[in-house]
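Topology and contacts: notes
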Amino acid sequence: MTGLLLPRISGSRDTCQTAAIYNGQFTYCEHHEYIDLNRGVNSLPKRVLLLLLILTALIWAGCGGNKSTTTAGVAITISPTTASVAGATTQQFTATVTGSTNTAVTWQVNGATGGDATNGTISTTGLYTAPAVLPTTITVAVSAVAQADTTKTAVAVVTLTAPAVTITISPTSATVMAGAPQQFTPTVTVTGSTNNAVNWSVNGVPGGDAIHGTIDATGLYTAPASPPKSAITVTATSQANTAFSASAPVTLQFGNASLNGTYVFFVSQGDNSSGSGFAYRGGTLQADGAGHITAGVSDGNSGAGPSTGVPLTGTYSVGADGRGTMTLTDASSSHTFSFALTSSARGQVIAFDSTAVTSGFIRLQDPAAVTGGVSGPFVFGMSGDNAGPAAAVGQLTFSGATITGTEDTNVNGSFTSGTAVTGSFVAAGGRGTASLNASQFVFYIVDASTLVLIDVDASGLRIAGTAFGQSSTPFSSALLGSSAFFVNGSAVSGNQPYALAARFDTDFASQFRGGVSDVNSGGTVTSPPLSGSYTVAANGRAQVTGSSNFIIWLASQKQGVVLQSDSTVVASGLLFQQQAGFQSVTGGYAFATAGANSAGTAPQAVDGRITVAGFGSLSGTEDVNTASAHVSQSLTGNLTISTNGRATGSIVSGSSVNYDFYFVSPDKFIMLSADPNTVLSGTAERQCSDCQF
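This report concerns the structure included in the present document. In this text the structure is predicted, and so the values were computed from the model without any measurement. (Residues numbered from 1 in each chain as written. Predicted model: local features only at pLDDT ≥ 70, side-chain atom pairs only at ≥ 80, totals over all residues. Heavy atoms only, no water.)

**Notes on the sheet that holds strand β9 (residues 115-116)**
Strands belonging to one sheet form pairs held by backbone hydrogen bonds; the direction of such a pair is parallel or antiparallel. On the basis of which strands lie adjacent, the open sheet formed by 4 strands has the order β5-β11-β10-β9 and antiparallel pairing. One side of each edge strand has no neighbouring strand; the edge strands of this open sheet are β5 (90-92) and β9. Judged from the 2 bridges that link them, β9 and strand β10 (residues 120-122) form a sheet pairing that is antiparallel. Within the sheet, the bridge partner assigned to D116 lies in β10 and is G120. (Pairing = 2+ DSSP bridges. Helix = DSSP H or I, 4+ residues; strand = E, 2+ residues; numbered from the N terminus.)

**Quick word on the nonpolar core**
The biggest cluster of nonpolar side chains holds 23 residues, and the ones touching the most others in it are F485 and L500. Of all elements in the fold, only β42 (483-491), β43 (497-506), β44 (512-521), β47 (532-536), β48 (541-546), β49 (550-554) and β51 (569-577) reach the threshold of two or more residues within this core. At 4 residues, β43 tops the list of elements feeding residues into this core. Filtering out sequence-adjacent residues up to four positions away, L500 remains in contact with F485, F486, V487, D518, V519, F550 and L672. (Core = buried A, V, L, I, M, F, W, Y, C linked by side-chain atoms within 4.5 Å. Buried < 20%, exposed > 50% of the residue type's maximum accessible area, 1.4 Å probe, protein only. Contact = heavy atoms within 4.5 Å.)

**Topic: the state of the cysteines**
Covalent bonding between the sulfur atoms of two cysteines is what defines a disulfide. Applying the stated criterion across every chain yields a total of 1 disulfide. C688 shares a disulfide with C691; S-S distance 1.6 Å. One disulfide, between C688 and C691, carries an S-S torsion of -130° and so falls in the left-handed class. For C688, a relative accessible area of 1% puts it in the buried group. (Disulfide = S-S within 2.5 Å.)

**So, the packing of aromatic side chains**
One pass over the structure, following the stated rule, counts 15 aromatic pairs. Where F504 meets F512, the ring centres are 4.6 Å apart and the plane angle is 70°; that geometry is what we call edge-to-face. The pair formed by F504 and F512 is uniform in burial state, with each residue classed as buried. Members of the aromatic cluster, each reached through a chain of ring pairs, are F485, F504, F512, Y534 and F550. (Phe/Tyr/Trp six-rings, centres within 6.5 Å; stacked < 30°, edge-to-face > 60°.)

**A few points about the environment of T77**
Looking at the element boundaries, T77 is found in strand β3 (residues 75-79). Remark: the alpha-carbon pair of T77 and A154, spanning 77 residues in sequence, is separated by 5.4 Å. When neighbours within four sequence positions are excluded, T77 is seen to be in contact with T94, A95, T96 and A154.

**Section: the side chain of Q564**
By secondary structure assignment, the location of Q564 is in strand β50 (residues 559-564). Side chain to side chain, Q564 and D566 meet in a polar contact 2.9 Å long. Discounting residues that sit within four places of it in the chain, Q564 has contacts with N410, V487, Y498, S548, N549, F550, V569 and A571. (Polar contact = N/O pair within 3.5 Å; in protein donor to acceptor, adjacent residues only side chain to side chain.)

**Let's talk about the environment of Y662**
Its location among the elements puts Y662 in strand β57 (residues 655-665). Overall, Y662 belongs to the buried group, its relative accessible area being 0%. Residues Y662 and T683, spaced 21 residues apart in sequence, show a C-alpha to C-alpha distance of 9.3 Å. Apart from residues no more than four positions distant in its own chain, Y662 is found in contact with A501, A502, R503, V516, S517, D518, G645, R646, F669 and I670. Reaching out from Y662, the side chain makes a polar contact with the side chain of D518 at a distance of 2.3 Å.

**As for unusual backbone geometry**
That bond from S79 to P80 is cis: its omega, -5°, falls within 30 degrees of zero. Structurally, P80 is set in the loop between β3 and β4 (82-86). S170 connects to P171 through a cis peptide bond whose omega is -5°. Relative to the elements of secondary structure, P171 occurs in the loop between β14 (164-170) and β15 (174-177). Even without being a glycine, A387 presents a positive backbone phi close to 60°. One can find A387 in the loop between β34 (376-385) and β35 (389-399). For A387, a relative accessible area of 60% corresponds to the exposed category.

**Thoughts on the pattern of salt bridges**
What the rule picks out here adds up to 14 salt bridges. Close ionic contact of K229 with D667 constitutes a salt bridge, the shortest N to O distance being 3.1 Å. Within this pair, whereas K229 is found in the loop between β22 (220-222) and β23 (232-238), its partner D667 is found in the loop between β57 and β58 (668-673), the two being separated by 438 residues in sequence. Of the residues examined, K229 reaches a relative accessible area of 47% and is grouped as partly exposed. Across the pair R462 and D385 runs a salt bridge, and its minimum N-O distance is 2.9 Å. (Salt bridge = Lys/Arg side-chain N within 4 Å of Asp/Glu carboxyl O.)

**As for the sheet that holds strand β41 (residues 462-469)**
Pairing within the closed barrel is antiparallel, and its 8 strands lie in the order β34-β35-β36-β37-β38-β39-β40-β41. Sheet twist, expressed as the average angle between the axes of neighbouring strands with direction ignored, equals 25°. Bridge count for strand β38 (residues 431-436) against strand β39 (residues 439-447) is 6 bridges, and the pairing is antiparallel. Counted as the bridge partner of S435 is Q440 from β39. (Axes fitted to C-alpha atoms, helices over the stretch in contact; angles between N-to-C directions.)

Here it is in structure tokens:
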């Protein structure tokens, strides 16, 4: 009998399939061994054995035994397991997969396939690229996920390092005119990184801002229209390591670009007791930022009579210190003015020719206020003539097309209180007309809280000045605290000019505390204490009774208008809430003072720039108009300040003139000449675009 022969295994093969699972791939294979059934099966035993083998195979297949999946044995490792990588550099990672014929992996950074710009990217081959700018968290995870079994992951810890950087900036400092460009160039050497890029900032603000200037990604800096209060610094910071930077200070100068837009101007000359000296003019002008006044209109009044709606053009020039001149040309003639800019939005102005010796201000007109029109309550202060010096303060409420209000007047020493005001108005653009108690006015909108008012009557009471928007909060005696104020005008007789400056504290109820004042009346200088009592009505009208008598209309807790209500003088001016910080005052100030010689025969106006270098040293340049002479000259001087904000000193410009200074804040002070030869008063404002006055 022939022996039992086992079936011959004739061959084998693998059958594999691949499927996509959760953004990866999973691969499984079936292994097959086969028997040549055509050989060695002729005998019955062989057939029986073959049948048993087939049955066994079927049972095995039914239990899944014919499939061999490799996932259970998949393992993955990564190399290196830790790495330190400098910003913008690369690191190669390698993943090894065992237990499967599918050795492909998916690369991730902090769980994100392929990474991202913040934490770095990684290619499909495992090449990791660190971000150029390091993230807040400098440790990231680089992961390799087995595609054969996505539950199997190997992780490497990467520490991002900032490379050593050498950085310089050129130029190392720059002096730039308003609105002008200045190119800055960095030189950067980075150790361990190819990222030589920088981020630009101005005063710590990426890309800069409107106050300090802007800078683009190439380092091109563009100066603002006028200097801010703080110094300007341009900085280039390394992207590869933000701990390294280089900075350049920028000195900003004024220039023609500092005047660009539509401005409202107002200038006036006070009257004397003979009634022959008053003049005022106001209007708008359009400056193009390049030295040309392309259009404008003005209204005015004087002893020669009113002029209304006069078109004008002109030219101007702004110096590096903010001082400048402009010539306004109308149908009749040309008029020259000197000015000193506080910023691109405001400045001090005086006439600088042989016409009336006027002084005043220039303000950038707010187009939104022009569009919005005039509405609500305003307090006003005006001065001028009525056959002698005249002044008025009060309140006007604009509603629809009507005006209601009340005023207090001092005409040649005759004080009238609480006169009712009614009228109407029409506004066309930034210029309007109004009728108040049968008097005709032109007004100009400066902004939502400031108007210029100009009486254009041919006779009678002719006054002009400024109105300030009044806050809606009810007023009381508790709102009047430490304040500084000044008034100027004329004595009722003798043509003597008059000016007073003062400051006071209150008990917030009815009494003054610690008041001090300085008075210059026709060259006679005194410093009487300011004492007395006061009341404040709910509408903002305050009455002061004491050594001198005043009416104050408060626009807010911070500002008001003042009228001296004595019978011997006619004087009006402004009141400011006094702030702290006087001991730290330094910097450049635009100033203007006006008045006359002590005899009252020669009106005078002065404006310019004065620099306070700590307390004790003054320097600068001023323009002086004495009607017969118009000169520009340098000045020096000194001052000493006390704790209440009152300072004394002198200004030397040709001759020495003693002054009293009353500091409202570190950014603003009142000036009064304490001199037997001149009676001058006015204000000075710090030259800065971001100061609040």
